[in-house]
Amino acid sequence: AKAETASAEESPPAGAAAPAAPTPEQCLTQLNSAAEEMGLSSQEILVLRSLQKRREELDAREGGLETREQAAAAAEQRLQEQIGDLKKVEAEVQGLLTQMTAQADKRMADLVKSYETMKPKDAARIFDGMEDQLLVSIAKTMKPATLAAVMSSMTPKRAEALTKLLADLAKPPTSIDALQKAPV
C-alpha cells in the first residue's frame, strides 16, 4: 500500500492537465527581471532582441543559400554527365561518318573502275549525257591514259567542257569561300 501511495504522489492525477505554457507577457516580465538582475537597461535589451532576430534571419538565409548551392552543384553534375554523354555520341557519329565516307569512297572507286574497264566508245556515250559534277568526280580519279581514250570518243563540245571543268579543279582558289566550296 505504501508503494501505491508513493507512486500516486509522484505522478499527477490522470485527469489533471499539464501546466499551461507561459504567455508572452509572462516571458517578457521574466526576461525583464532577468535583465535587471544582470544590470542591463531596456535599450540594451532591445539591442539584444534585435540582434537575436537578425541572427535568426541570417540563419534562415544561410539555410536557403546552402540549399541553392546544393541544387547548383547537382545541376552542374548533371550538366557534366550530359556533356560526357554528348561527347560519346559525337565520337560515335564521327565514327559512323568516317565509315560512311570510306564506303562512299569505295563505291566511287568501284564506279571509276567500271568506267575504266569499259570500251572507250561506250564510256564516252555515257559521259556525254552525264551531269557535270558527277562527270568531274569520276574523271578526276580515272587513270590519265584511260580518260584520254574516253575523251577522244566523246563529242568535241562535251570533251572541251570536261577539260575546262578538270582544269578549274587544278586552279588554286581565289578566296576562302571558294576554297570551302571547292570539290574535293
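What you see is a predicted model, and the numbers here were worked out from it, not measured in a lab.

This part takes up the overall build of the protein chain. The number of helices and strands found in the protein chain is 8 helices and 0 strands. Put simply, the protein chain runs from its N terminus to its C terminus through helices and strands in the order α-α-α-α-α-α-α-α. Here the protein chain holds 184 residues, and 12% of them are scored as buried. A separation of at least 24 residues holds for 57% of the contacts in the protein chain among residues at least 6 apart in sequence.

Right, let's get into the nonpolar core. Of all hydrophobic cores here, the largest spans 17 residues; its most connected members are Tyr115, Phe127, Ile138, Met142, Val150, Met154 and Leu162. Mapped onto this core, the elements with two or more residues apiece are α3 (42-117), α4 (120-129), α5 (132-139), α6 (144-153) and α7 (156-170).

So, about α5. Within α5, the full set of buried residues consists of Leu135, Val136, Ile138 and Ala139. The buried residues of α5 occupy an angular sector of 165° when the element is viewed end-on, so they sit on one face.

For the rest of this paragraph, the subject is a nonpolar patch on the surface. Among the surface-exposed residues, Val89, Val93, Leu97 and Met100 lie close enough to one another that they form a single nonpolar patch of about 350 Å² accessible area. Looking at where Leu97 falls in the secondary structure, it is placed in helix α3. For Leu97, a relative accessible area of 42% puts it in the partly exposed group.

With that out of the way, let us pick up the packing of α3 against α5. When two helices pack together, you describe them by how their axes are tilted relative to each other and by the distance separating the axes. It is the contact of α3 with α5, at a shortest axis distance of 9 Å, that shows an interaxial angle of 85°. Of the possible angle classes, the one that applies to α3 and α5 is roughly perpendicular. Between α3, through Met108, Leu111, Val112 and Tyr115, and α5, the contact on the second element is made entirely by Leu134, Ser137 and Ile138.

This part is about the packing of aromatic side chains. Across all of its chains, the model carries 1 aromatic pair by this definition. With centroids separated by 5.1 Å and ring planes inclined at 50°, the aromatic side chains of Tyr115 and Phe127 adopt a geometry described as tilted. In this pair, Tyr115 is assigned in helix α3 and Phe127 in helix α4, connecting sequence segments 12 residues apart. When its relative accessible area of 10% is taken as the criterion, Tyr115 is described as buried.

So, on to the side chain of Arg158. Along the chain, Arg158 falls in helix α7. Judged by relative accessible area, which is 13%, Arg158 ranks as buried. Of the polar contacts made by the side chain of Arg158, one reaches the side chain of Asp132; its length is 2.6 Å. Here Arg158 is in contact with Phe127, Asp128, Met130, Glu131, Asp132 and Leu135, once residues within four sequence places are set aside.

Cut-offs and rules
Residues numbered from 1 in each chain as written. Predicted model: local features only at pLDDT ≥ 70, side-chain atom pairs only at ≥ 80, totals over all residues. Heavy atoms only, no water. Helix = DSSP H or I, 4+ residues; strand = E, 2+ residues; numbered from the N terminus. Buried < 20%, exposed > 50% of the residue type's maximum accessible area, 1.4 Å probe, protein only. Contact = heavy atoms within 4.5 Å. Core = buried A, V, L, I, M, F, W, Y, C linked by side-chain atoms within 4.5 Å. Arc of directions from axis to C-beta. Patch = residues over 30% accessible without salt bridge, like charges linked within 9 Å, V, L, I, M, F, W, Y side chains within 5 Å. Areas by Shrake-Rupley, 256 points an atom, 1.4 Å probe, with all protein chains shown as cover. Salt bridge = Lys/Arg side-chain N within 4 Å of Asp/Glu carboxyl O. Axes fitted to C-alpha atoms, helices over the stretch in contact; angles between N-to-C directions. Parallel < 35°, antiparallel > 145°, perpendicular 65-115°, else oblique. Phe/Tyr/Trp six-rings, centres within 6.5 Å; stacked < 30°, edge-to-face > 60°. Polar contact = N/O pair within 3.5 Å; in protein donor to acceptor, adjacent residues only side chain to side chain.

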